[in-house]
Amino acid sequence: QVQLVESGGGLVQAGGSLRLSCAASGRTFRTYIMGWFRQAPGKERAFVAAISGTGGTTYYADSVKGRFTISRDNAENTVYLQLNSLKPEDTAVYYCAADRSAVVAATSSEYDYWGQGTQVTVSS
């Protein structure tokens, strides 16, 4: 069982930056693929980014490529999402998730554990 706790959300103006963190419990963090998803009001949960257990492989949604960066610190059991050049359409609740499989996935159903989410609001 893995427990995930996100933090770092908030209100920011367009063009600004935020850094989201997701702290995980357990001693097997490095074996999990970690992902970030987001859900805007009235929309389905959407993939944002994912990272392999070693951090050597990353994968991004086209809508955030070049603006967001996913990283992880296995010694601290934490995964990060750096959000730069934020746009109003990035407004959503951001969730981190853990996947026990060995393949980086962009599908929410592939992930086994989820955090409670953190709100990111970008004003124009």
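A few points on the structure.

Cut-off values and rules
- Residues numbered from 1 in each chain as written.
- Predicted model: local features only at pLDDT ≥ 70, side-chain atom pairs only at ≥ 80, totals over all residues.
- Heavy atoms only, no water.
- Salt bridge = Lys/Arg side-chain N within 4 Å of Asp/Glu carboxyl O.
- Helix = DSSP H or I, 4+ residues; strand = E, 2+ residues; numbered from the N terminus.
- Buried < 20%, exposed > 50% of the residue type's maximum accessible area, 1.4 Å probe, protein only.
- 1 Å grid on protein atoms, 1.4 Å probe; cavity = no way out; pocket = protein on both sides within 12 Å on 5 of 7 lines; lining within 4 Å.
- Points joined across faces, edges and corners; volume = space filled by probe spheres on them.
- Nonpolar A, V, L, I, M, F, W, Y, C, P; charged D, E, K, R; others polar.
- Pairing = 2+ DSSP bridges.
- Core = buried A, V, L, I, M, F, W, Y, C linked by side-chain atoms within 4.5 Å.
- Contact = heavy atoms within 4.5 Å.
- Axes fitted to C-alpha atoms, helices over the stretch in contact; angles between N-to-C directions.

## Looking at the pattern of salt bridges
- Under the defined criterion, the tally for this structure stands at 4 salt bridges.
- In this structure, Arg-67 engages Asp-90 in a salt bridge whose closest nitrogen and oxygen atoms are separated by 2.7 Å. One end of the pair, Arg-67, is in the loop between β6 (58-60) and β7 (68-73); the other, Asp-90, is in the loop between β8 (78-83) and β9 (92-99), with 23 residues separating them in the sequence.
- Taking relative accessible area as the criterion, Arg-67 reaches 11% and is therefore assigned buried.
- Note that Arg-100 and Asp-112 form a salt bridge whose closest N and O atoms lie 3.2 Å from each other. Here Arg-100, found in the loop between β9 and β10 (113-114), pairs with Asp-112, found in the loop between β9 and β10; they are 12 residues apart in sequence, far enough to count as distant.
- Under the relative-accessibility criterion, Arg-100 is labelled exposed at 54%.
- Note on Asp-112: relative accessible area 31%, which makes it partly exposed.
- Salt bridges linked by common partners bring Arg-38, Arg-67 and Asp-90 together as one network.

## Quick notes on the layout of surface pockets
- Its boundaries defined by the atoms lining it, the largest pocket holds a volume of some 160 Å³.
- Together, Arg-38, Gln-39, Ala-40, Lys-43, Glu-44, Ala-46, Phe-47, Ala-61, Ser-63, Glu-89, Thr-91 and Ala-92 line the largest pocket.
- The set of elements that each furnish at least two residues to the lining of the largest pocket consists of β4 (33-39) and β5 (46-51).
- For the lining of the largest pocket, the class distribution of residues is 5 nonpolar, 3 polar and 4 charged.

## Some details on the pairing of strand β1 (residues 4-7)
- Burial of β1 is one-sided: the residues Leu-4 and Glu-6 facing one way are buried, the residues Val-5 and Ser-7 facing the other way are not.
- Alignment of β1 against strand β3 (residues 18-24), held across 4 bridges, turns out to be antiparallel. The residue of β3 that forms the bridge with Leu-4 is Ala-24.

## Quick notes on the nonpolar core
- The biggest cluster of nonpolar side chains holds 37 residues, and the ones touching the most others in it are Leu-4, Met-34, Trp-36, Leu-81 and Tyr-94.
- The contact partners of Met-34, leaving out residues within four places of it in the chain, are Leu-4, Cys-22, Phe-29, Ala-49, Ala-50, Ile-51, Ile-70, Arg-72, Val-79, Ala-97, Ala-98 and Tyr-111.

## With respect to the sheet that holds β7
- Ordered by their spatial adjacency, 4 strands build an open sheet running β1-β3-β8-β7, and the pairing between neighbours is antiparallel. Taken across any chain shown, the strands that pair with only one partner, and hence form the sheet edges, are β1 and β7. For this sheet, the mean inter-axis angle between neighbouring strands, taken without regard to orientation, is 15°.
- Both β3 and β8 contribute to a ladder of 6 bridges, which runs antiparallel. The residue bridging Leu-18 from the neighbouring strand is Leu-83, located in β8.

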